[in-house]
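Listed below are the residues making up each chain.
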Amino acid sequence: MSTDEARLLLAAKLFETGKRSLGQAAKLADYSKPTFIELLGKMEIPVINYPAEELEQEINL
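Residues numbered from 1 in each chain as written. Predicted model: local features only at pLDDT ≥ 70, side-chain atom pairs only at ≥ 80, totals over all residues. Heavy atoms only, no water.

**Q** Please explain a nonpolar patch on the surface as it appears in this structure.
**A** A cluster of nonpolar side chains, Ile37, Val47, Ile48, Tyr50, Leu55 and Ile59, forms an exposed patch at the surface whose accessible area comes to about 570 Å². With respect to the secondary-structure elements, Tyr50 resides in the loop between helix H3 (33-42) and helix H4 (52-59). Residue Tyr50 is classed as partly exposed on the basis of its relative accessible area, which comes to 39%. (Patch = residues over 30% accessible without salt bridge, like charges linked within 9 Å, V, L, I, M, F, W, Y side chains within 5 Å. Areas by Shrake-Rupley, 256 points an atom, 1.4 Å probe, with all protein chains shown as cover. Salt bridge = Lys/Arg side-chain N within 4 Å of Asp/Glu carboxyl O. Helix = DSSP H or I, 4+ residues; strand = E, 2+ residues; numbered from the N terminus. Buried < 20%, exposed > 50% of the residue type's maximum accessible area, 1.4 Å probe, protein only.)

Structure, rendered in structure tokens:
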């Protein structure tokens, strides 16, 4: 595993667990926010964490 790959995985995990914001994690991984978002998508890590209850309330408005 390369250093860049390890940095990306660490940043993704820190973002996923809420220990770093999207911007902080992207910077740590040395990617732009849009690129980092794309990479998170490929790793199946959601960028937006919207609880199902709140989504249902929004739909029923």
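**Q** Sorry, what's going on with the packing of helix H2 (residues 22-29) against H3 here?
**A** The axes of two packed helices give the description: the angle between them and the distance between them. For the pair H2 and H3, the least separation of the axes is 9 Å and the interaxial angle reads 90°. As judged from the angle between their axes, H2 and H3 are roughly perpendicular. Listed contacts from H3 to Leu22, Gly23, Ala25, Ala26 and Ala29 of H2 are Lys33, Phe36, Ile37 and Leu40. In the contact of H2 with H3, the residues fall into seven nonpolar, one polar and one charged. (Axes fitted to C-alpha atoms, helices over the stretch in contact; angles between N-to-C directions. Parallel < 35°, antiparallel > 145°, perpendicular 65-115°, else oblique. Contact = heavy atoms within 4.5 Å. Nonpolar A, V, L, I, M, F, W, Y, C, P; charged D, E, K, R; others polar.)

**Q** Explain the nonpolar core here, please?
**A** Soluble globular proteins tend to bury their nonpolar side chains together. The biggest cluster of nonpolar side chains holds 12 residues, and these are Leu8, Ala11, Ala12, Phe15, Leu22, Ala25, Ala26, Ala29, Phe36, Leu39, Leu40 and Ile45. Of all elements in the fold, only helix H1 (3-16), H2 and H3 reach the threshold of two or more residues within this core. Those residues in contact with Ala26, other than ones at most four positions away along the chain, are Tyr31, Ser32, Lys33 and Phe36. (Core = buried A, V, L, I, M, F, W, Y, C linked by side-chain atoms within 4.5 Å.)

**Q** Teacher, can you tell me more about a negative patch on the surface here?
**A** On the surface, Glu53, Glu54, Glu56 and Glu58 cluster together into a patch of negative charge. Summarising the element assignment, Glu53 is placed in helix H4. Among the residues examined, Glu53 registers a relative accessible area of 56% and is labelled exposed. (Lys, Arg positive; Asp, Glu negative; His and termini not counted. Charge placed at Lys NZ, Arg CZ, Asp CG, Glu CD.)

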